Amino acid sequence: MSIAPVLAPSPAAANAAVTAPPVGTRAADRVVEVLRAHGVRWVFGVPGAKIDPVFDALAAVQGVAGAPQLITCRTEQNAVFMAAAVGRLTGIPGVVLVTSGPGTANLATGLLTATTEGDPVVAICGAVSRSQHLKRAHQAMDAVGMLQTVTVSAAEVTAADNVAEAIVNAFRAATREPRGAAAVVLPYDVSTATTAVGFTEPIVPAAVGGAAAASVDRAAALLREARFPVVLAGARSGDPRTVDALHALLRATGLPVVETFQAAGIISRDLEDHYLGRVGFARNQPGDVLLHHADLVLTLGYDPVEFVPAEWNLGKERRIVHVDTVAADIDNDYRPDVELLGDLATTLTDLTRTLHTRGGIPQRDAATAVIVERERTRLAENTDLGDPHHDDAFGLDPVAVVAGIRAALPDEATVLCDVGSNYLYMARHFRTYRPRSLMFSNGQQTLGVALPWAIAASLADAGDPVLSVSGDGGFLYSAVELETAVRVGASFTHIVFNDSAYDMVAFQQVEKYGRTAAVELGAYDVVAFAESFGAHGHRVTRVEDLVPTIVAALAEPGPSVIDVPVDYRDNLRRLGGDLLADVLL
């Protein structure tokens, strides 16, 4: 009897056996099913071994209709910033995908910023296999414990059958008011396991009605009784339906409106007479004066993280009508007389109708009218072209730079602002007439958001053109993503207000201590830096060259960076300090 020899498998056959897909559907593929069901168009991330099953599942559907596009970023923090911009601009949570250990830990600043500022984000984080959790293993960590401190929801999935439902619930948590970031931790062995359980259709949130009729009636009565009612619009007032309903209320009542920074753009050009400026830093703006004189403040989608009540409700003398999707955070300086909780657009429509049936709001008295007109004039003077006699040899006047940006852009533009003195000048002087077309980080005041936001806005067709602004310090926090922008074909213009310092810190130090500490930065060649990534680079040293340079940059394909030396020597007077006594009279 002969015995057939036992043959070793060929290298090709051995490799095929190792890489053959498992029988059934991987949990990683179920993740992609849920993303597609929820209309996710992009996934921003940085790959790694513990999350590569999901990256592999996404790679398999690239180019397929309705599948998310995978955007590989340079850092996890910038990936979250991009996802957060998508969430704020579209209302659909932006999605970020990262690996275990430092990949997850690097999300912290971005997730904290999104959660603080109400931007819906879903973070999917790889983790070591479950058998490694209790060991001092490579990249093992208490991911959920860390993520819980910076999200509205964080959970680890321990069974493949629960992966899809965990992602669905993360979407629900991220979009439930107050919105924010939700995280799902996905151990490697769970992502590679097979499951028959998935969600191929979105779970539609329940519809929410307006505020209770009794509360609307009470609010209408308070508005009619008030001598000087003012609307303070906040971060949650930018939904298009809410903006339309607010416009109807303003046409019916003539109420003046003060915006927080994140409410920028809710007043259209045809209603510009109702706009009395923005508040959110030192108390020295026309909007601060109006709030000082108001005897009733109707807060709309107001979040105290932007501008605490102690800054505008001095003496606790103002009655407050709280209109929001969430209950008020009660403190010593914020005690609403009535809360109108529910869908903002419906509530405002009901309030407008109720006021109409009661004869509207009485015309403001002469003294009140004088204050409104005076502050409207101050606001117009505050939005001029800067100092006509300024010496550009010391850098350009920042007010003139803002005026130049405004002159170069159409109303359809989307403008993204980083943190620093540049953001204060933009918040105070840049007019915009479309909600969510001027974005700030005004909760955490996080450096480095503007350029990643611009990449996301360019992808999301948020407005045309797209322009972002930062200081020279904030620019380098995220400038490595210029390579990402070039690679994915994002087109936008980024302007650097350059003074080689952390000036927003500097002028506050001078005000408090009479000197600065640790705020000086080294100079670098912004133009050469941008061009090294394949972006366009420009430098403007004369104010008359600014608008033509911006217009030319906006016409260029891909990202363009404009270096603008600025003169911040007068920032303490212009940006700091409290209200002068004479404007409070």
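Above this note sits the structure.
Rules of the game
Residues numbered from 1 in each chain as written. Predicted model: local features only at pLDDT ≥ 70, side-chain atom pairs only at ≥ 80, totals over all residues. Heavy atoms only, no water. Helix = DSSP H or I, 4+ residues; strand = E, 2+ residues; numbered from the N terminus. Rg over C-alpha atoms; globule rule 2.2 N^0.38 Å. Buried < 20%, exposed > 50% of the residue type's maximum accessible area, 1.4 Å probe, protein only. Contact = heavy atoms within 4.5 Å. Lys, Arg positive; Asp, Glu negative; His and termini not counted. Charge placed at Lys NZ, Arg CZ, Asp CG, Glu CD. Core = buried A, V, L, I, M, F, W, Y, C linked by side-chain atoms within 4.5 Å. Axes fitted to C-alpha atoms, helices over the stretch in contact; angles between N-to-C directions. Parallel < 35°, antiparallel > 145°, perpendicular 65-115°, else oblique. Left-handed = near helix turned anticlockwise from the far one by under 90°. Salt bridge = Lys/Arg side-chain N within 4 Å of Asp/Glu carboxyl O. Nonpolar A, V, L, I, M, F, W, Y, C, P; charged D, E, K, R; others polar. Pairing = 2+ DSSP bridges. Polar contact = N/O pair within 3.5 Å; in protein donor to acceptor, adjacent residues only side chain to side chain. Expected span 1.5 Å × (residues − 1). Disulfide = S-S within 2.5 Å.

The subject of this paragraph is the overall build of the chain. If you tally the helices and strands in the chain, you get 24 helices and 18 strands. Over its C-alpha atoms the chain spans a radius of gyration of 26 Å, differing by no more than 12% from the 25 Å that the globule rule assigns to 585 residues. A principal-axis box enclosing the C-alpha atoms of the chain has dimensions of 115 × 60 × 45 Å. The proportion of buried residues among the 585 residues of the chain is 56%. In the chain, of all internal contacts separated by at least 6 residues, the share reaching a separation of at least 24 is 77%. Taking the 45 positively charged and 67 negatively charged side chains of the chain as two groups, their mean positions are separated by 4 Å.

A few words on the nonpolar core. As a rule of thumb, soluble globular proteins bury nonpolar side chains together. Grouped together as the largest cluster of nonpolar side chains are 54 residues, with contacts concentrated most on Phe44, Val96 and Leu111. Among the elements that line this core, the one with the most residues is helix α4 (residues 76–90), at nine residues.

Another point: the packing of helix α10 (residues 213–225) against helix α14 (residues 344–357). Remark: α10 packs on α14, axes separated minimally by 9 Å, with the N-to-C direction vectors making an angle of 55°. The orientation of α10 relative to α14 falls into the category oblique. Note on packing geometry: the crossing formed by α10 with α14 is right-handed. Along the contact surface, α10 presents Val216, Asp217, Ala219, Ala220, Leu223 and Arg224, while α14 presents Asp350, Leu351, Thr354 and Leu355.

In this section: the pattern of salt bridges. Applying the stated criterion across every chain, the model contains 30 salt bridges. For Arg374, the salt bridge is made with Glu375, and the minimal N-O distance between the two is 2.8 Å. Given the relative accessible area of 28%, Arg374 is considered partly exposed. Across the pair Glu483 and Arg487 runs a salt bridge whose closest N-O atoms are separated by 2.8 Å. In this pair, Glu483 and Arg487 are both assigned in helix α20 (residues 482–488), four residues apart and thus about one turn of the helix distant. On the basis of relative accessible area, Glu483 is assigned to the buried category, the value being 19%. A relative accessible area of 40% means that Arg487 is categorised as partly exposed. Beyond isolated ion pairs, a larger network of salt bridges with shared partners links Arg26, Asp29 and Asp56.

Remark: α4 packs on helix α6 (residues 108–117), axes separated minimally by 8 Å, with the N-to-C direction vectors making an angle of 20°. The angle between α4 and α6 falls in the class roughly parallel. Here the hand of the crossing between α4 and α6 comes out right-handed. Residue-level contacts link Gln77, Val80, Phe81, Ala84 and Arg88 of α4 to Thr109, Gly110, Leu111, Thr113, Ala114 and Glu117 of α6. Among the residues making up the contact of α4 with α6, the classes are represented as five nonpolar, four polar and two charged.

Taken together, six strands build an open sheet; the order of strands is β9-β8-β7-β10-β11-β12 and the sheet is parallel. The strands lining the two open edges of the sheet, one partner per strand, are β9 (275–279) and β12 (338–341). Averaged over neighbouring strand pairs, the angle between their axes works out to 20° when direction is ignored. Strand direction decides the pairing type here: strand β7 (residues 229–233) and strand β8 (residues 257–260), joined by three bridges, are parallel. Across the sheet, the residue bridging to Ala233 is Glu259, located in β8. Against the sheet, helix α12 (residues 286–293) touches β7, β8, β9 and β10 (296–300), its axis set at about 100° to β9.

In this section: the environment of Pro388. Relative to the helices and strands, Pro388 resides in the loop between α15 (366–382) and α16 (398–408). On the basis of relative accessible area, Pro388 is assigned to the exposed category, the value being 71%. In the structure, Pro388 is positioned 12 residues away from Ala400 in sequence and 8.7 Å away in space, judged by C-alpha atoms.

With seven of its seven residues buried, strand β4 (residues 121–127) lies for the most part within the structure. Of the two faces of β4, the one lined by Val121, Ala123, Cys125 and Ala127 and the one lined by Val122, Ile124 and Gly126 are each fully buried. As paired strands, strand β3 (residues 94–98) and β4 are joined by five bridges and run parallel to one another. When the bridges of β4 are listed, Leu97 appears paired with Ile124. One ladder, built from seven bridges, connects β4 with strand β6 (residues 181–187); its direction is parallel. Along β6, the bridge assignment pairs Ile124 with Val184.

Bringing the side chain of Asp303 into the picture now. Within the secondary structure layout, Asp303 lies in the loop between β10 and α13 (309–312). Residue class for Asp303 comes out buried when judged on its relative accessible area of 16%. Of note is the side chain of Asp303, whose polar atom sits 3.4 Å from the side chain of Arg236. Residue contacts for Asp303: discarding those within four places in its chain leaves Thr116 and Arg236.

All right, on to the sheet that holds strand β17 (residues 536–539) then. On the basis of which strands lie adjacent, the open sheet formed by six strands has the order β14-β13-β15-β16-β18-β17 and parallel pairing. Only two strands of the sheet have a single neighbouring strand rather than two, namely β14 (438–439) and β17. Pairing between β17 and strand β18 (residues 559–565): four bridges, direction parallel. Looking at the pairing, His538 lines up with Ile562 of β18. Lying on the sheet, helix α23 (residues 546–554) is in contact with β15 (466–471), β16 (492–498), β17 and β18; it crosses β18 at an angle near 165°.

Here the focus is α4. Given a rise of 1.5 Å per residue, 15 residues ought to cover 21 Å, and the 21 Å separating the end C-alpha atoms of α4 matches this to within 8%. Where α4 terminates, the next one or two residues include Gly91, which has phi positive at roughly 85°.

Turning our eyes to something else, we now look at the side chain of Asn284. As for its position among the elements, Asn284 is in the loop between β9 and α12. Within the local environment of Asn284, its side chain forms a polar contact with the side chain of Gln285, the two groups lying 3.0 Å apart. At 3.0 Å, the side chain of Asn284 forms a polar contact with the side chain of Arg428.

Time to look at the state of the cysteines. Cysteine pairs can be covalently joined through their sulfur atoms, and such a bond is termed a disulfide. Considering all chains together, one arrives at zero disulfides under this definition. In this structure Cys73 is a free cysteine whose sulfur lies 14 Å from that of Cys125, the closest cysteine sulfur available.

The next thing to look at is the environment of Asp189. By the element assignment, Asp189 lies in helix α9 (residues 188–192). For the pair Asp189 and Thr158, spaced 31 residues apart in the sequence, the C-alpha separation amounts to 9.1 Å. Filtering out sequence-adjacent residues up to four positions away, Asp189 remains in contact with Ser129 and Arg130.

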